[in-house]
Amino acid sequence: MPNYQDEEHVQDTHSNKGEGSHGHHHTGVHEHHDHHNHAHEKMSGDSHNHGSHGGHAGHGHGNHDHGDMVSDFKKRFYISLIITVPILVLSPMIQEFIGVDLRFANDQYILFALSTFVFFYGGWPFLAGGIHELKDKNPGMMTLIGLAILVAYGYSSLTVFGWEGKDFFWELATLIDIMLLGHWIEMRSVMGASNALEELIKLMPSEAHKLDDNGNVYDVPVSDLQNGDRVLVKPGEKIPVDGAILDGKSAIDESMLTGESVPVEKYKGDEVIGGSINNEGSLTIQVEKTGEDSYLSQVVTLVREAQESKSRTQDVTNRAAKWLFYLALASGLLTLIVWLMLGYPFDVALERMVTVMVITCPHALGLAAPLVIAVSTSISAKQGLLIRNRANFEGARNLDAVVFDKTGTLTKGEFGVTDIIPNKGYREEEILIWAASLEQNSEHPLAAGVVNSAKEKDLQFKRVSEFESITGKGIEGLVDDKKVNVVSPGYVNNHEMTYDRETFNKMSGEGKTVVFVLLQDQLIGMIALADMVRETAKEAVASLKESGIHPIMLTGDNEKVAHWVAKQLDIDKVYPEVLPNEKSDQVKKIKDKGWKVAMTGDGVNDAPALATADLGIAIGAGTDVAMETADVVLVKSNPKDVVALINLSRKTYRKMVQNLWWATGYNIFAIPLAAGVLAPVGIVLSPALGAVLMSLSTVIVAINAKLLKA
C-alpha cells in the first residue's frame, strides 16, 4: 500500500495517537419503577449485583441474566393467571356481582388454598422487593404492591377462619396478575443487559505468534507474553499487544481505537497498539505493555469507573408509588380510627380500612409505564432506534447539548474526491480517468475514494500494466502504455515541479489530503480528498439548533480537518485533537455548566465519553462494542435519528405522565368513597364497584398508551 502523505502529514493527522474507547451500558433490571445504572461487577468476575432493584433483589436473581428474569416473570404470570380463573369463579363477591350462586360446602377453603398459592408464588417478587426497598428506606412500587397484597391476603384469610367480613381473594389474584404482566411487558420490550467490557476485551486476539532467539515461530496465548518478547504479526491480523516495531513496515488501521480516519503508515521504531489491525506487511514487534498496563485495559478501567460513578435514577412511576404507599398507610389508619370513633364495630371498621388500602394500589399504575414503554420501544425499533437504557432514553427530553464524534458519525469514515485542479490544457475528467485507472490496483482508502468518484461519474477505466508502489511516495504504472504516477506533495517538491501552491495550501488548510497526477513525468493536475460529510448530518445539526439544543463536535482528528467539517455542518463549538481520557473530561466540562449532555459515537475510541454523558448514542454501522455499550443504537447510521430520538423521548414522557394521572386519578376519586366520606348520606363504595372502576382505569391506560405515535 502506498503512502500518499509525507511523514509530517502523517504526524499531523495522527496527533491524537491513543484515543480511547467507549461504552456505558447499563445492565438494567427493567422494573417499571426502578431503572438504576449498575456497576458491572459481573464483568470483573463477581456476581451481578442488582443493587437497589427491589423486585429482583430478594428474588433470587443475583446471578441470573436478563433473559432468565424475563422468562421468570412470564412463567409466574401465566401460572398465576391460570389459578386466578377458579379464584374468580369461587369468589362470593364476583358471584354476587354477576348474579349467580355457585357456592358449595367448604368452597372457601379451596379458594383460600388457591389464593395462598398465587400470593406466595406470584406475589413473591413484590414481597421480597418491598422488604428490600424498606431496608433501603426507600419505599416504591414494590412496597406499595407488597402492602396491598399482604393486607388483602391477611384480611381475607381471617374471613375464611371465622372473622366477619368479605374476602378480597379475587382482588389479590388480579392485582398480582396485572403487576406481573406489567413487569413482563416492560422487561421484554427493553433490550437485555450485555457486557460492554467483555466486548472490549474481545477486540484482543487470544493468541500471538511468538519468535524465539533462533527466529522460530510458536503460537502462544497472549496472556503468556512478557515485556521484551518478540511477536510476528501477519498481514490482516490484529496486533496482540502494545509494542514497538523491530522489523517491517505497514499501514495500521487504528480507527476503532483512536478515531483516526486514515490507516497510519508505521515503520521500524514506531509504536503500535494492541487491538489495531495490520493491513499489509509482516511486522516483528517487541512487547512493551501487557495486561493492565495495555491501552485497551486502561480504556476498560476508564469505562468501568464512568459506569460506577453514574447517578442512580428513579422514574416517575416509582415516585408516584412512593407517595401512594404513604397515602395508603395514612388513609387506611385514618379510616379505621374514624369508623371506630363513630361507634362502628371493629370488623366493619377493619373492612373499610382494608378496602381503602387495597384500592390505593391501582392496577392501572402497574401498567401505566410498561405499556407506554412497550409501545414506544416498538415505534423506536421500526424507526431504527434500539433503546437499551430506558431511564437515560426518557431523560433525552431534557438535553441541552449533543456531542458528536466526527469520524464515522458526522462523516462517512471513507474518503471522497472534493476538488480536482487540472493544469492548463487538461480537463477535470481526464485527470480523474488517468488517476482512477491506476488506483484500481491499490488497496489504500484514498485510492478507493478516487476510484469510487470515477465510477459515480460513469467514466471508462483504461488498461493498466506494470503497476508498482513507491514506498512513502505514491504509485506508478503504465496506463494505455503511458507512464502515470499518483504521488504525494513530497515527491513533487523533491522533483522541484511547479504547481499552484496557493490552491494547494488552501485545500491542505481545510484538512484535505492532496495527491498529484503525473502523465509521462509531466504534472497534469491535483486531486483533493477528504472524509466525506454525511448529508443527513447537516439536517440533524440544523434541527437540533431549531430545538435549542447545542451541537458540539469532539474528535481526535487534527484541527484543520475538524474545523473544515464543522464549517460545512455549521457547528460552532469544536474540540479537535482530543485524547480518550480528555474526551470524557471534555464531556464533564460541558456537564459542569449544568447541561444535560448526549454523546454520539461509533467506535471503541468514544467509550469513556459515552460513559460519562447523560445519554450514550451509538451509530449502528460502528463497532460491536459501540452497539453493546450505548443507551441507544441508531441502526441506520443516520445522525438525523438523534433528533427523532429526542422527539420520541418527549412524546413518551408526556404519554407516561398522562397515564399516571389516569391511574392515580381513579384513586383520588375512589379512596375517599372507600373510606366512607359519603357514608352519612348512604353512599359507600362497595368492593364490587371498586373493581369496575379499577378495570375502567386500566382499560383507559391501555388505550391511551396505544395512542402514542412517532
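The rules behind the values
- Residues numbered from 1 in each chain as written.
- Predicted model: local features only at pLDDT ≥ 70, side-chain atom pairs only at ≥ 80, totals over all residues.
- Heavy atoms only, no water.
- UniProt positions renumbered as here; feature names shortened; annotations may be inferred.
- Patch = residues over 30% accessible without salt bridge, like charges linked within 9 Å, V, L, I, M, F, W, Y side chains within 5 Å.
- Areas by Shrake-Rupley, 256 points an atom, 1.4 Å probe, with all protein chains shown as cover.
- Salt bridge = Lys/Arg side-chain N within 4 Å of Asp/Glu carboxyl O.
- Helix = DSSP H or I, 4+ residues; strand = E, 2+ residues; numbered from the N terminus.
- Buried < 20%, exposed > 50% of the residue type's maximum accessible area, 1.4 Å probe, protein only.
- Contact = heavy atoms within 4.5 Å.

- The protein is annotated in an unreviewed UniProt entry as P-type Cu(+) transporter from Virgibacillus oceani.
- The record in UniProt for the protein states the following under Subcellular location (unreviewed entry): "Cell membrane".
- What UniProt records for the protein under Sequence similarities (unreviewed entry) is the sentence "Belongs to the cation transport ATPase (P-type) (TC 3.A.3) family. Type IB subfamily."

## Let's talk about a nonpolar patch on the surface
Here is step 1 of the chain: Taken together, the side chains of Val85, Val89, Phe97, Ile98, Val100 and Leu102 present a nonpolar region at the surface, about 550 Å² in accessible area.
Here is step 2 of the chain: Contributing elements (two or more residues each) for the nonpolar patch: helix H3 (66-90) and helix H4 (92-98).
Here is step 3 of the chain: Relative to the helices and strands, Leu102 is located in the loop between H4 and helix H5 (107-122).

## Some details on unusual backbone geometry
Here is step 1 of the chain: The backbone of Asp458 sits at a positive phi, close to 55°, despite the residue not being glycine.
Here is step 2 of the chain: Within the secondary structure, Asp458 is located in the loop between helix H18 (445-456) and strand E13 (464-470).
Here is step 3 of the chain: Under the relative-accessibility criterion, Asp458 is labelled exposed at 65%.
Here is step 4 of the chain: Even without a glycine there, the phi angle at Gln520 is positive, about 50°.
Here is step 5 of the chain: Relative to the helices and strands, Gln520 is located in the loop between strand E16 (513-519) and strand E17 (522-533).
Here is step 6 of the chain: Among the residues examined, Gln520 registers a relative accessible area of 44% and is labelled partly exposed.

## Re the environment of Asp270
Here is step 1 of the chain: With respect to the helices and strands, the residue Asp270 is situated in the loop between strand E6 (264-266) and strand E7 (271-272).
Here is step 2 of the chain: Among the residues examined, Asp270 registers a relative accessible area of 28% and is labelled partly exposed.
Here is step 3 of the chain: In this structure, the C-alpha to C-alpha distance between Asp270 and Ile245, residues 25 residues apart in sequence, is 5.6 Å.
Here is step 4 of the chain: With residues up to four places along the chain from it excluded, the contact list for Asp270 reads Gly243, Ala244, Ile245 and Glu265.

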